[in-house]
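For reference, the chains in residue letters:
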Amino acid sequence: MTSEAPKTKFIFVTGGVVSSLGKGITGASLGVLLQSQGYSVTIQKFDPYLNLDPGTMSPYQHGEVFVTDDGCETDLDLGHYERFLNENMTRANNITSGMIYQRVLNKERRGDYLGNTVQIIPHVTNEIKDQILAPLKHKHYDIVITEIGGTIGDIESLPFIEAIRQFQFENKDDSLHMHLTLVPYLTSSGEFKTKPTQHSVKELRSVGITPDVIVCRSLMPLTTDIKNKIALFCDVSNDAVISAVDVDSIYDVPLALKNEGLDDVVAKKLSITTKPQALDEWSSFVDVLHDHQLPVMKIALVGKYVNYSDCYLSVVEAVRHACIQEKVKLKIEWVDSEKLNDDNYVGYLSGADAILVPGGFGERGVEGKILASKFARENKIPYLGLCLGMHIASIDIARHILGHTDAHSSEFKKDSNYPVIALLEEQNNVSNMGGTMRLGSYPCKVIKNTLLEASYQSDEIHERHRHRYEFNNAYREEFENAGVIFSGVSPDESLVEVIELTDHPFFLACQFHPEFKSRPTNAHPLFTKYIEKVKTEALLNKSATV
Ligand code: GLN
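Predicted model only: the values in this text are computed from it and were never measured.

Engineer: Which parts of the structure should I look at to understand the overall build of the chain?
Structural biologist: Within the chain one finds 18 helices and 23 strands. By its C-alpha atoms, the chain is 70 × 65 × 55 Å across when sized along the principal axes. By the burial criterion, 57% of the 546 residues in the chain qualify as buried. Carbon and sulfur atoms make up 49% of the accessible area of the chain, which totals about 23200 Å².

Engineer: Quick question: what am I supposed to make of the sheet that holds strand β16 (residues 408-409) here?
Structural biologist: Each strand in a sheet pairs with another by means of backbone hydrogen bonds, the pair being arranged parallel or else antiparallel. Across the sheet, which stays open at both edges, the 3 strands sit in the order β16-β17-β20 with mixed pairing between neighbours. In this open sheet, the two strands that pair with only one neighbour each are β16 and β20 (469-471). Pairing of β16 with strand β17 (residues 419-423) involves 2 bridges; the strand directions are parallel. Note that in β17 the partner of Ser 409 across the bridge is Ile 421.

Engineer: I tried to follow the layout of surface pockets on my own but got confused; where do I start?
Structural biologist: Where empty space is left in the structure can be found by rolling a water-sized probe over the atoms. Volume-wise, the second largest pocket comes out at about 650 Å³. If you trace the second largest pocket, you find 34 residues lining it, with Pro 59, Gly 359, Gly 360, Phe 361 and Arg 466 closest to the centre. Of the residues contributing to the lining of the second largest pocket, the split by class is 15 nonpolar, 11 polar and 8 charged.

Engineer: Can you walk me through the sheet that holds strand β23 (residues 507-510) in this structure?
Structural biologist: Strand order in the open sheet formed by 9 strands is β13-β12-β14-β15-β23-β22-β21-β18-β19, with mixed pairing between adjacent strands. On the outer flanks of this sheet lie β13 (329-336) and β19 (460-467), each paired with one strand and no other. Taken pair by pair, the neighbouring strands of this sheet meet at an average axis angle of 25 degrees, ignoring direction. In the sheet, strand β12 (residues 296-303) pairs with strand β14 (residues 354-357) via 3 bridges, with the strands oriented parallel. Bridged to Ala 300 within β14 is Ile 355. Sitting on the sheet, helix α15 (residues 388-400) touches β14, β15 (383-386), β21 (484-489), β22 (496-501) and β23, and the angle it makes with β15 is about 120 degrees.

Engineer: Explain the site of the ligand to me, please; I cannot follow it from the model alone.
Structural biologist: Close contacts around the ligand come from Gly 359, Gly 360, Phe 361, Cys 387, Leu 388, His 391, Glu 411, Arg 466, His 467, Arg 468, Tyr 469 and His 513, and that covers them all. One of the backbone nitrogen or oxygen atoms of Leu 388 is found 3.0 Å away from an oxygen atom of the ligand. Within the complex, 98% of the 300 Å² of free accessible area of the ligand lies under protein. A molecule is said to occupy a pocket when more than half its atoms come within 2 Å of that pocket's grid points, and by this definition the ligand occupies the second largest pocket. For the shell around the ligand, the elements supplying multiple residues, two or more each, are α15 and β19. For the shell around the ligand, a count of residues per class yields 4 nonpolar, 5 polar and 3 charged.

Engineer: Sorry if this is basic, but what is going on with helix α3 (residues 77-85) here?
Structural biologist: Since the α-helix turns once every 3.6 residues, residues separated by three or four places project in the same direction. With 9 of 9 residues buried, α3 lies mostly within the body of the structure. Of all the residues in α3, the buried ones are Asp 77, Leu 78, Gly 79, His 80, Tyr 81, Glu 82, Arg 83, Phe 84 and Leu 85. Just beyond α3, the residue with positive phi is Asn 86, at close to 55 degrees.

Engineer: Would you explain the pattern of salt bridges in this entry?
Structural biologist: Side-chain pairs of opposite charge can arise whenever the charged atoms involved come near each other. Evaluation of the coordinates by the stated rule reveals 37 salt bridges. Note that Asp 69 is salt-bridged to Arg 464, the shortest N-O span being 2.9 Å. With Asp 69 in the loop between β3 (66-67) and β4 (73-74) and Arg 464 in strand β19, this pair connects stretches of sequence that are 395 residues apart. Residue class for Arg 464 comes out buried when judged on its relative accessible area of 0%. As a salt-bridge pair, Glu 497 and Arg 438 come within 2.9 Å of each other at their nearest N and O atoms. A residue pair is termed long-range when its members are at least 10 positions apart, and Glu 497 in strand β22 and Arg 438 in strand β18 (residues 438-446) qualify at 59 residues. Each of the salt bridges in this network shares a partner with another, and the network as a whole consists of Lys 45, Asp 47, Asp 75, Asp 77 and Glu 147.

Quick notes on the rules
- Residues numbered from 1 in each chain as written.
- Predicted model: local features only at pLDDT ≥ 70, side-chain atom pairs only at ≥ 80, totals over all residues.
- Heavy atoms only, no water.
- Helix = DSSP H or I, 4+ residues; strand = E, 2+ residues; numbered from the N terminus.
- Buried < 20%, exposed > 50% of the residue type's maximum accessible area, 1.4 Å probe, protein only.
- Areas by Shrake-Rupley, 256 points an atom, 1.4 Å probe, with all protein chains shown as cover.
- Pairing = 2+ DSSP bridges.
- 1 Å grid on protein atoms, 1.4 Å probe; cavity = no way out; pocket = protein on both sides within 12 Å on 5 of 7 lines; lining within 4 Å.
- Points joined across faces, edges and corners; volume = space filled by probe spheres on them.
- Nonpolar A, V, L, I, M, F, W, Y, C, P; charged D, E, K, R; others polar.
- Axes fitted to C-alpha atoms, helices over the stretch in contact; angles between N-to-C directions.
- Contact = heavy atoms within 4.5 Å.
- Near = heavy atom within 4 Å.
- Polar contact = N/O pair within 3.5 Å; in protein donor to acceptor, adjacent residues only side chain to side chain.
- Sits in = over half its atoms within 2 Å of the grid points.
- Salt bridge = Lys/Arg side-chain N within 4 Å of Asp/Glu carboxyl O.

What follows is the structure in structure tokens.
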């Protein structure tokens, strides 16, 4: 007799009162708690905007674009999901209104609805309901958590809300609705205000949904009286009002929500069992994160979106994970590359223990990044370049070691007479901007006796890409003669994936984005090696100056 997999349970997460309350982190934290109980969990995000994906949006509007193994450009919450659940996401985990409408319209053209008027209900809502089940097509999960982007009351999220209302009605015993709100605290009168939460739940109920659990973001822990008041007005049980107090780090959230009993109340309502379970590994990670005795490492992150740290979210998290593994305290020094010039770059960069140039698009700030690479290289400061950061390092080497003063990437200078970075051949006839880059996971051959090999301890690795430009093979020999090692190449050796320098403690730049694969309790080997070197160098320098 084969034992049947337990029925999948569905949890929907919506937000009210204001945006940016952290639905992604809250959903992912609940996922961590349920996973620790032995349940298999996946999370998906439904984004109500009309773009097919965030790939063409400005980072100012949307923050980082997170790339999955299967080459989907997704919302940055998918990064939180991967990091919190230690699970790879796929294109089934991020659905936009644009994708839903595109599917419906393709079906309409194909004649799938012949004879019918195509409408939001049922055609669009059916398509959304299908997508709730999409993660289950290839794998069983005990729990699917679905986060709806935006705030209750938004016009554009209405079809999603209607679809989950129908889905919950059709799967009454197997679904749960968690609503995240804000409970302001008025310091002048010293009281919490529950009215915005009441209004938000009223809005939700006007579209036919009564939440099962209300998670309340607040500055201070809610009192029992306030929780009971919210429960009474919003029709949920007292234990289903969860206080989510502001915490220092996103990694504190699972522990804080566990203290509030979120997993128990969710399990009770979904009729699944839980047992007392400590989050040991997670707690030890958080303990190191908050250890203020550790030596501080200053990493200069040189980019053009330095006032919008969400644009470099995965990079910062990957460095953080590695710092925790190496037991050092991370201090990011945000350096605006647009401000750097020949006269001031030494001043901006000389206090840093390491330099990191992340990915990016467009010419703005590029010259400042090239100066950062030069500074790191000449002063033997550990340098990590990611994607554009590799292009930058290559331009620096071409200009300042090989003497090709006009060297550039053809992304920025079409008529450079030394285009050290050039368009990938496959990109030549690409005219559409959306979803057409070299995207997703590709294998990379690791050359022996290199820093890359020492980092990964493997002869083949798989990393995620998102780029159109690539190292120009015409200059490979000249670079090699100057001491550059191409330590990572595509399996057929036609593409350079990693460059490094030997006469330097750590100068490595890669075409891929290793940051997407780092996990809190499983730091990425490349970042770990980088921080290990940063630590050694910083301690050496310190003892040299004593
Ligand atoms: N703009 C560069 C390219 O398209 C680098 C991209 C990136 O850093 N992700 O190739």
